[in-house]
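So you can see what is in the structure, the chains are spelled out below.
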Amino acid sequence: MTTTPVDNEAVDDSLLEMNWGTLTIAGGIIAVFGIIAIAFPYLTGLSLTVLLGFLLLGVGIVHGAALFSTRGWKGRVWQLVLGVVAVLAGLSLLLNPVVGLATLTVLVIAYLLVEGVVELVASVRMGGQEGSLYVAASGVLSLVLAGLLWAGFPASAAWAIGLLVGISLLTTGVSMMLVSRSGKRLTQEFDASIADSPKA
């Protein structure tokens, strides 16, 4: 088996010092969580809704604490408004996570719609530049996905968020494992080139 020569000066020292095994394990764990989320999208969506509710509740409490610790500051009114809104939003998600999940689904649909339009406009402005077709394809895909989710709403609320998060986790985990594999191979090729280099 022959090894590809590696330019020693072109290899970043930090790449050689990385623990690629740890990155592989982390990527594998994230990928497993992604598979679980895909298998149980409704449960995943509800869990994320409850987590978001607690986060908003915490944000509201922080705004309240800032309100009482900044007497005389002209922005105290905005702190109060933001704190009340965050607490109310957090409580509404915690008290009725199913409705919250539907609301999050609508926000995801809106995001995909805006993203699709922006990417299509960007691809047109890019003209014939390299990569413009990929940007356009991504924009069309976002619009199609938004349309499918909207056509299936409100039934899509039961699975959309969990499925999208699961796919994102799965692709992130797989990409981490692929990067780890490439980095490990590069390190092995570098070590082999060092071993084969003539000794002074």
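Residues numbered from 1 in each chain as written. Predicted model: local features only at pLDDT ≥ 70, side-chain atom pairs only at ≥ 80, totals over all residues. Heavy atoms only, no water.

So, the overall build of the chain
For step 1, the next point in the chain: Along the chain, the regular secondary structure elements total seven helices and zero strands.
For step 2, the next point in the chain: The N-to-C order of helical and strand elements in the chain reads α-α-α-α-α-α-α.
For step 3, the next point in the chain: By residue count, 27% of the 200 residues in the chain fall in the buried class.
For step 4, the next point in the chain: Here the analysis covers contacts within the chain between residues at least 6 apart in sequence; of these, 79% occur between residues at least 24 apart.
For step 5, the next point in the chain: Only carbon and sulfur atoms are counted for the fraction: they give 74% of the accessible area of the chain, which is about 13,100 Å². (Helix = DSSP H or I, 4+ residues; strand = E, 2+ residues; numbered from the N terminus. Buried < 20%, exposed > 50% of the residue type's maximum accessible area, 1.4 Å probe, protein only. Contact = heavy atoms within 4.5 Å. Areas by Shrake-Rupley, 256 points an atom, 1.4 Å probe, with all protein chains shown as cover.)

Description of the packing of aromatic side chains
For step 1, the next point in the chain: As enumerated under the stated definition, the model contains one aromatic pair in all.
For step 2, the next point in the chain: Centre to centre, the rings of Trp-150 and Phe-153 are 5.9 Å apart; their planes meet at 10 degrees, and the pair counts as stacked. (Phe/Tyr/Trp six-rings, centres within 6.5 Å; stacked < 30°, edge-to-face > 60°.)

Quick notes on the layout of surface pockets
For step 1, the next point in the chain: Of the pockets and cavities examined, the largest pocket occupies roughly 180 Å³.
For step 2, the next point in the chain: Surrounding the largest pocket, Val-108, Leu-145, Leu-149, Trp-159, Ile-161, Leu-163, Leu-164, Val-165, Ile-167 and Ser-168 form its lining.
For step 3, the next point in the chain: Element by element, the count of residues in the lining of the largest pocket is highest for helix α7 (residues 160-196), at six residues.
For step 4, the next point in the chain: In terms of residue class, the lining of the largest pocket is made up of nine nonpolar, one polar and no charged. (1 Å grid on protein atoms, 1.4 Å probe; cavity = no way out; pocket = protein on both sides within 12 Å on 5 of 7 lines; lining within 4 Å. Points joined across faces, edges and corners; volume = space filled by probe spheres on them. Nonpolar A, V, L, I, M, F, W, Y, C, P; charged D, E, K, R; others polar.)

Looking at the nonpolar core
For step 1, the next point in the chain: Listed in full, the five residues of the largest apolar core are Ile-109, Leu-112, Ala-146, Leu-149 and Ala-160.
For step 2, the next point in the chain: Put simply, the parts of the chain that give this core at least two residues each are α5 (97-126) and α6 (132-151).
For step 3, the next point in the chain: Leave out the neighbours within four places in its chain, and Ile-109 touches Ala-146, Leu-149 and Trp-150. (Core = buried A, V, L, I, M, F, W, Y, C linked by side-chain atoms within 4.5 Å.)

Focus on a nonpolar patch on the surface
For step 1, the next point in the chain: Taken together, the side chains of Ile-25, Ile-29, Val-32, Phe-33, Ile-36, Phe-40, Leu-43 and Leu-169 present a nonpolar region at the surface, about 770 Å² in accessible area.
For step 2, the next point in the chain: Top element by residues in the nonpolar patch is helix α2 (residues 20-39). It accounts for five residues.
For step 3, the next point in the chain: Along the chain, Ile-29 falls in helix α2. (Patch = residues over 30% accessible without salt bridge, like charges linked within 9 Å, V, L, I, M, F, W, Y side chains within 5 Å. Salt bridge = Lys/Arg side-chain N within 4 Å of Asp/Glu carboxyl O.)

Focus on the side chain of Ser-180
For step 1, the next point in the chain: Within the secondary structure layout, Ser-180 lies in helix α7.
For step 2, the next point in the chain: Of note is the side chain of Ser-180, whose polar atom sits 2.4 Å from the side chain of Thr-24.
For step 3, the next point in the chain: The residues touching Ser-180, leaving out its near neighbours within four places in the chain, are Trp-20, Leu-23 and Thr-24. (Polar contact = N/O pair within 3.5 Å; in protein donor to acceptor, adjacent residues only side chain to side chain.)

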